[in-house]
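Summary of structural features
Chain residues, written in single-letter form:
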Amino acid sequence: VTQAYYPVLGGVTEHVWALSKELEKRGHRVTVIAGHSRGADDGGLRVLRIGFQIPIVTNGAHAAITVGYRLGRTLRAIERTEQFDVVHIQSPLDPFLPLIAVRGMERPKIGTHHTTRDSNILCAIFPHFFRRMLGRLSANIAVSHSAEGLVRQYYPDVPFHIIPNGVDTDRFSPRIEPFPKLRDGIPTILFVGRMDPRKGARFLFAAIPYLEKTLPQYRIVVVGTGWMRKVYDKFIPLHLQHRVQFAGFATRSDLPRYYRSADVFCSPAVGGESQGIVLLEALASGTPIVASDIEGYRWVIQPGVHGLLVPPKSPRHIADALIQILSNSARH
C-alpha cells in the first residue's frame, strides 16, 4: 500500500517497484495498491488504483497524497477478496491512504518508514493516536537510522528493523553500455532528480562559474523533471547555459546508461534525505560521487572511497570536489 507510485517519481516509488519485482522473482504474488492518477504507469506490476492522487509539496520536495471517498471500506473490500498474507504499508504514519490502511486493514501489517525531517507535527499534536497506530503494525522497518530517528523522537520504545534500500546490480552495473554521444572526451557531470528545492540542483548550477575557472571542457547532464525547471534556469549564467543539458525524464533502460556515461555523479541535496537511492545507483554503476554532507548521505558514502562529501548549499565546495575528481581519475 503506497501513495507514492508511478507516475509519481522518487525514492519510495523506486523502492516499491524494485522490491515488488524481487518478490515476484522469488515466487510471491504481489499487488500494489495506489491512487489513481493521469498518465498512471503500472511498471509491469499488478496495481489496484483507488481514490486519486493529489500533488503536494512537503519536506522540500514534490510528492502526492492519495485521498478519496470511503478509502477504508474500499481497502477492506479488497482485503476480503484478495486474502493477502501480509500487507506492507509504505510511510505508515502519513495521511491519508497509508494511515487508513494501518487503521482499517486486518491482515498482518508491516510498515516501512522512509521519511527524514526535523520533526513530525502530527505526532507532536496527536501522540497517543499515532502510538495506537504503530501498535497495529506487526513490525516496523526503517530504511536508515535517519528514518528511524524521526519516529523514535516521539516513540523511543518502538522496536525497529533497519533494512536499507537496495539496488539492482544487474540493472545498474559497470557492464552497462554508455551513451556514445556522452563518451566524446568531454567530462560529464550527472545530476539525477526532480527539480525540487530539497534536491539542490540550484547549488550545482551556481557552481558553474567556479568550474569555468579551472575546467576547459565539461558538461552537466540533468536527468529529471519538475515545474521549477524554469526557475532553476536563472541560476545558470546566461553565457554558460551551453554547459547544461536537460535530458528530461529517463526511461528505466536509459537511466543506467546515464550513470555509466558520467565521469562523476553529483547530488547536492540540502537535507531531508533518509538514504538516497540515487547514491546506490551511482555506486553500483561504478561512478564517483560528490554529495552533500547530510545525515542520510553520510550513512552511505565513505569519503575518499566512494566519493567526496561537501558542505550543503556551498557552490564553491561542490565545484572544488568535482574538479578534484575530474582532475585525478581516469575515464572509466
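Residues numbered from 1 in each chain as written. Predicted model: local features only at pLDDT ≥ 70, side-chain atom pairs only at ≥ 80, totals over all residues. Heavy atoms only, no water.

The 4 strands lie next to each other as S4-S5-S6-S7, forming an open sheet whose pairing is parallel. Bordering the open sheet on either side are strand S4 (87–90) and strand S7 (161–162), each of which pairs with just one other strand. Seen against the sheet, helix H3 (residues 97–104) touches S4 and strand S5 (109–113) and runs at an angle of roughly 145° to S4. (Pairing = 2+ DSSP bridges. Helix = DSSP H or I, 4+ residues; strand = E, 2+ residues; numbered from the N terminus. Contact = heavy atoms within 4.5 Å. Axes fitted to C-alpha atoms, helices over the stretch in contact; angles between N-to-C directions.)

The next thing to look at is the packing of H3 against helix H5 (residues 127–135). Here H3 crosses H5 at 65°, and the two axes come no closer than 8 Å. With respect to the hand of their crossing, H3 and H5 are arranged in left-handed fashion. Between H3 and H5, the residues in contact are Leu99, Val102 and Arg103 and Phe129, Phe130 and Met133, respectively. (Left-handed = near helix turned anticlockwise from the far one by under 90°.)

Turning to the nonpolar core, a few remarks are in order. Nonpolar side chains in soluble globular proteins tend to be buried together. One finds Ile189, Leu204, Leu211, Ile220, Val290, Ile318 and Leu322 to be the most contacted residues of the largest nonpolar core, which totals 31 residues. For this core, the secondary structure elements donating two or more residues are strand S8 (188–192), helix H7 (201–206), helix H8 (208–214), strand S9 (219–223), strand S11 (264–267), strand S13 (307–310) and helix H13 (315–328). Per-element tally for this core: the top contributor is H13, with 7 residues. In contact with Leu204, not counting residues within four places along its chain, are Ile189, Phe191, Ile220, Cys266, Pro268, Ile318 and Leu322. (Core = buried A, V, L, I, M, F, W, Y, C linked by side-chain atoms within 4.5 Å. Buried < 20%, exposed > 50% of the residue type's maximum accessible area, 1.4 Å probe, protein only.)

What follows concerns helix H1 (residues 11–25). With 15 residues, H1 should reach 21 Å at 1.5 Å per residue; the first-to-last C-alpha distance of 21 Å fits that figure. Residues of H1 that are buried include every one of Val12, Thr13, His15, Val16, Trp17 and Ser20, and no others. Following H1 by one or two positions, Gly27 adopts a phi angle in the positive range, close to 95°. (Expected span 1.5 Å × (residues − 1).)

In total, this model carries 15 salt bridges according to the counting rule given. Arg252 is the partner of Asp41 in a salt bridge, and the nearest nitrogen-oxygen pair spans 3.3 Å. Of this pair, Asp41 sits in the loop between strand S1 (31–36) and strand S2 (46–58) while Arg252 sits in the loop between strand S10 (244–248) and helix H10 (254–261), placing them 211 residues apart in sequence. For Asp41, a relative accessible area of 34% puts it in the partly exposed group. Using a relative accessible area of 31% as the deciding quantity, one classes Arg252 as partly exposed. Between Arg194 and Asp196 there is a salt bridge whose closest N-O contact spans 2.5 Å. We note that Arg194, like Asp196, is buried. (Salt bridge = Lys/Arg side-chain N within 4 Å of Asp/Glu carboxyl O.)

What follows deals with the pairing of strand S12 (residues 289–292). Neither face of S12 is open: one carries Ile289 and Ala291, the other Val290 and Ser292, and all of them are buried. As paired strands, S11 and S12 are joined by 3 bridges and run parallel to one another. Note on S12: the bridge partner recorded for Cys266 is Val290. Viewed along the sheet, the connection from S11 through helix H11 (residues 277–285) into S12 turns out right-handed. Here 4 bridges tie S12 to S13, and the two strands are oriented parallel to one another. Bridge assignment links Ile289 to a residue of S13, and that residue is Gly307. (Right-handed = clockwise from strand over helix to strand, strands pointing away.)

Here the focus is the sheet that holds S13. If you walk across this open sheet you meet the 6 strands as S10-S9-S8-S11-S12-S13, and the pairing is parallel. Since the sheet does not close on itself, it has two edges, and those belong to S10 and S13, each with one partner. Between one strand and the next, the sheet's axes are offset by a mean angle of 20°, whatever the strand orientation. In the packing of H10 onto the sheet, the strands contacted are S8, S9, S10 and S11, and the crossing angle to S8 comes to about 145°.

In this section: the environment of Ala4. Note on placement: Ala4 falls in the segment before H1. The spacing of Ala4 and Ala34 is 30 residues in sequence and 7.3 Å in space, taken between C-alpha atoms. Look past the residues within four positions of Ala4 in its chain and what remains in contact with it is Val12, Thr13 and Val16.

Within H11, 8 of the 9 residues are buried, leaving the element largely enclosed by the surrounding structure. All of the buried residues in H11 are Ile277, Val278, Leu279, Leu280, Glu281, Ala282, Ala284 and Ser285. Summarising the contacts, the buried residues of H11 are in contact with H1, S8, H10, S11, S12 and helix H12 (295–298).

What follows is about unusual backbone geometry. Residue Tyr6 is joined to Pro7 through a cis peptide bond whose omega torsion reads 15°. Mapped onto the secondary structure, Pro7 falls in the segment before H1. For Arg70, which is not a glycine, the phi torsion comes out positive at approximately 60°. Along the chain, Arg70 falls in the loop between strand S3 (61–67) and helix H2 (71–82). Residue Arg70 is classed as partly exposed on the basis of its relative accessible area, which comes to 43%.

Glancing now at empty space enclosed by the protein. A complete count under the given rule lists 1 cavity of 30 Å³ or more for this structure. If you go around the largest cavity, the residues you meet are Ser91, Pro92, Leu93, Asp94, His113, His114, Thr115, Arg117, Asn120, Ala147, Leu150 and Val151. Ranked by residue count, the leading element in the lining of the largest cavity is helix H6 (residues 145–152), at 3 residues. Of the residues in the lining of the largest cavity, the class split is 5 nonpolar, 5 polar and 2 charged. (1 Å grid on protein atoms, 1.4 Å probe; cavity = no way out; pocket = protein on both sides within 12 Å on 5 of 7 lines; lining within 4 Å. Points joined across faces, edges and corners; volume = space filled by probe spheres on them. Nonpolar A, V, L, I, M, F, W, Y, C, P; charged D, E, K, R; others polar.)

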